[in-house]
Amino acid sequence: MSYEGEYAVVSPAGRFGGSAITRAQGVPTLSGKRIGFVWNHLFRGDLMMEQILAAVRQEWHEVVFVDHPAFGNFHGPEEPKVMDQLPARLKEAEVDAVVIGVGACGSCTPAVMRACAVAEREGIPAVGLIAEGFVRQAEAIGRALGLADKVIARYPGVVMTDGLDTFHRKVGESMVPEAMDGLLRRAEATDDSSSESADPYRPEQVVFTGTLEAVQRYFEDRLWSDGLPILPPTLDAIANMLAHTTRDPHEVLGVALPANQEATVWNVAVNAVMSGCDPRHLPMLLAAVESILDPRFGIEHGGCTPGWEPFALISGPDLGELGFNSSTASLRLGTRANSTIGRFLRMFFHNVAGLVGPPGATDKATFGAPTHVALAENEEVTRELGWPTLREEQGFAPEDTTVAVQSVVGFSLPIYTEGETVDEHLRVLAEHIAGASGHWSHTGLTFKEWQPLLVMSPGIATVFARNGYSKDDIRRELGERARVPWSQWIGCTTAVGLQVSDLEERLVDGTARDAYRESDDPDRLVPVIPFPERLAIVVNGDSARNQSKYYVNNHVHGPRIPTRVRW
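Residues numbered from 1 in each chain as written. Predicted model: local features only at pLDDT ≥ 70, side-chain atom pairs only at ≥ 80, totals over all residues. Heavy atoms only, no water.

(A) Inspection of the side chain of S330 at higher detail. Examined against the element boundaries, S330 turns out to sit in the loop between β10 (309-315) and α11 (336-351). Classification of S330 as buried rests on a relative accessible area of 6%. A distance of 2.4 Å separates the side chain of S330 from the side chain of N540, its partner in a polar contact. Look past the residues within four positions of S330 in its chain and what remains in contact with it is N325, N338, V373, A374, N540 and G541. (Helix = DSSP H or I, 4+ residues; strand = E, 2+ residues; numbered from the N terminus. Buried < 20%, exposed > 50% of the residue type's maximum accessible area, 1.4 Å probe, protein only. Polar contact = N/O pair within 3.5 Å; in protein donor to acceptor, adjacent residues only side chain to side chain. Contact = heavy atoms within 4.5 Å.)

(B) A look at the packing of aromatic side chains. Applying the stated rule across the entire model yields 14 aromatic pairs. When the centroid spacing of 5.9 Å and the interplanar angle of 50 degrees are considered together, the rings of W486 and W489 count as tilted. With W486 and W489 both in helix α18 (residues 486-496), this residue pair falls 3 residues apart, about one helical turn. The two residues W486 and W489 agree in class, both being buried. An aromatic cluster of at least three residues, connected via ring pairs, comprises F208, Y218, F219 and W224. In this structure, R534 is placed above the aromatic ring of F531, and the distance from its NZ or CZ to the ring centre is 4.0 Å. (Phe/Tyr/Trp six-rings, centres within 6.5 Å; stacked < 30°, edge-to-face > 60°. Lys NZ or Arg CZ within 6 Å of the ring centre and 35° of its normal.)

(C) Quick peek at empty space enclosed by the protein. Within this structure, the stated rule accounts for 2 cavities of 30 Å³ or more. Per-element accounting of the lining of the largest cavity gives the leading share, 3 residues, to helix α3 (residues 108-121). Considering only residue class, the lining of the largest cavity consists of 5 nonpolar, no polar and 3 charged. For the second largest cavity, the calculated volume is near 40 Å³. Every residue along the wall of the second largest cavity is listed here: P110, R114, I141, L145, L257, P258 and E300. Of all the secondary structure elements, the ones that give two or more residues to the lining of the second largest cavity are α3 and α4 (135-145). (1 Å grid on protein atoms, 1.4 Å probe; cavity = no way out; pocket = protein on both sides within 12 Å on 5 of 7 lines; lining within 4 Å. Points joined across faces, edges and corners; volume = space filled by probe spheres on them. Nonpolar A, V, L, I, M, F, W, Y, C, P; charged D, E, K, R; others polar.)

(D) Representation of the packing of helix α9 (residues 265-275) against α11 in the model. Where α9 meets α11, the axes come as close as 9 Å, and the angle between the chain directions of the two elements is 125 degrees. Put simply, α9 runs oblique to α11. Relative to α11, α9 is oriented so that their crossing is right-handed. The residues of α11 that touch α9, namely those facing V268, N271, A272, M274 and S275, are T340, R343, F344, M347, F348 and N351. (Axes fitted to C-alpha atoms, helices over the stretch in contact; angles between N-to-C directions. Parallel < 35°, antiparallel > 145°, perpendicular 65-115°, else oblique. Left-handed = near helix turned anticlockwise from the far one by under 90°.)

(E) Quick peek at the pattern of salt bridges. If you walk through the whole model with that rule in mind, you get 35 salt bridges. D162 is the partner of K170 in a salt bridge, and the nearest nitrogen-oxygen pair spans 2.8 Å. Residue class for K170 comes out buried when judged on its relative accessible area of 15%. The partner of E477 in a salt bridge is R481, and the shortest N-O contact between them spans 3.0 Å. Highlighted residues: E477 and R481, both in helix α17 (residues 471-481), separated by 4 residues, approximately one helical turn. Given the relative accessible area of 26%, E477 is considered partly exposed. What makes R481 partly exposed here is its relative accessible area of 34%. (Salt bridge = Lys/Arg side-chain N within 4 Å of Asp/Glu carboxyl O.)

Below, the structure is given as structure tokens:
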């Protein structure tokens, strides 16, 4: 296809899948009213509400307070269930208004706004407690949810770097008056209608015609680019892509949060063209999108501050014939199949899910992670070792091809190990795993989800197989050996803004295995792999080197979701 002349291009976005929410009427007085507090167990929200309530009771009389246990933790491991039950719990509590907090991170802020939207739909005025660095994100998420008017009480600065004296002063000076004004709806409503209603999305409509350079500028100006040059999504290029599937171009695969835009076969093809994907791989891209739209994956958390990235794991026969590299330099940019599928995932997050960094506001990754290349399992070596492939362990047939997508929030240094027996390999692997994930693995136990990935080069995998070790044997050994002090977990829990009580509850609610309860010594060593059976082990990389690498997923944000490719 020639890229000279001008190009007539279409939008890579999707049709808005939400609806406007009518703003609830404020209460004329707080005297005699029932005020609820809906909390996500984060960022000193209990102290914020305690101070807000004291100020309310000082000015108003006979105020009844319904505390957060009545509603549940809407951003914990039971988030979907809690959000589903929230309308009924609000009604049961007979609250006249609610305060909802706290939004001071990239996933908890959207969760606060989703909870506010639930309350407003029920006709209950809601005030969201939001740190000022996340207000723009809250406003953008509110628009996508259909909240034309957001009522927010702002915390100035960074909650977890302020001492308690400074914290209480800021709450008193800023959050208290804004929360009371919000409950009474003293602030004037604003005309903040969403752009979707003003400019309806039409898939095949040409939105711009121009030179290659002009197309780049047009897409960049509309934040429809990942920052790299794109291939123009012309109707001919899209048709060429769609020729590789029998699925209806307008089939709706789901609604992508937080933008609330429909994901379709059509806009998957559009973003595939922009990313430079081989049209033969469209069925794989559709499978990848079905994985990330699975509610268990939680794409709505893709803008969180830890900055996880979607990571595609391809498992199937004859991947080499499709252009995939599963050997040397497999995770470097350089092989079109691996590179463009990885790029497509980020493009889809950007253009359809609406997770956009500056100058956008919905992606609040503090840094981010460079994991934009798809990993292809080395089928040949895995078979030679007598190990099951990743897809077979996930319940698929040997003849299937699957795409699994998971989050990656960090990874280890190169792990070099040596020797003919496994003990030295296990020792060094465990040390690296503890070092790479020890400070973050407490979130796996707290949120009841942890799906890391261990990638072994063929040489290392061969040592284990030669010594009679199965993948399950390796999981079991590393699950016991990789440990850090419990006191380290406690310190990390408070630093990130979580509640230590939530972590400690896992010791008694059946989540934690016995290894976490061996003693009460605060410096006892506890495993950093809470659920060893969920550790994926994949053979990949240079067969001439003795190296492994460990990838950490972000607890309930982006657990590994596999989907079978429909060729």
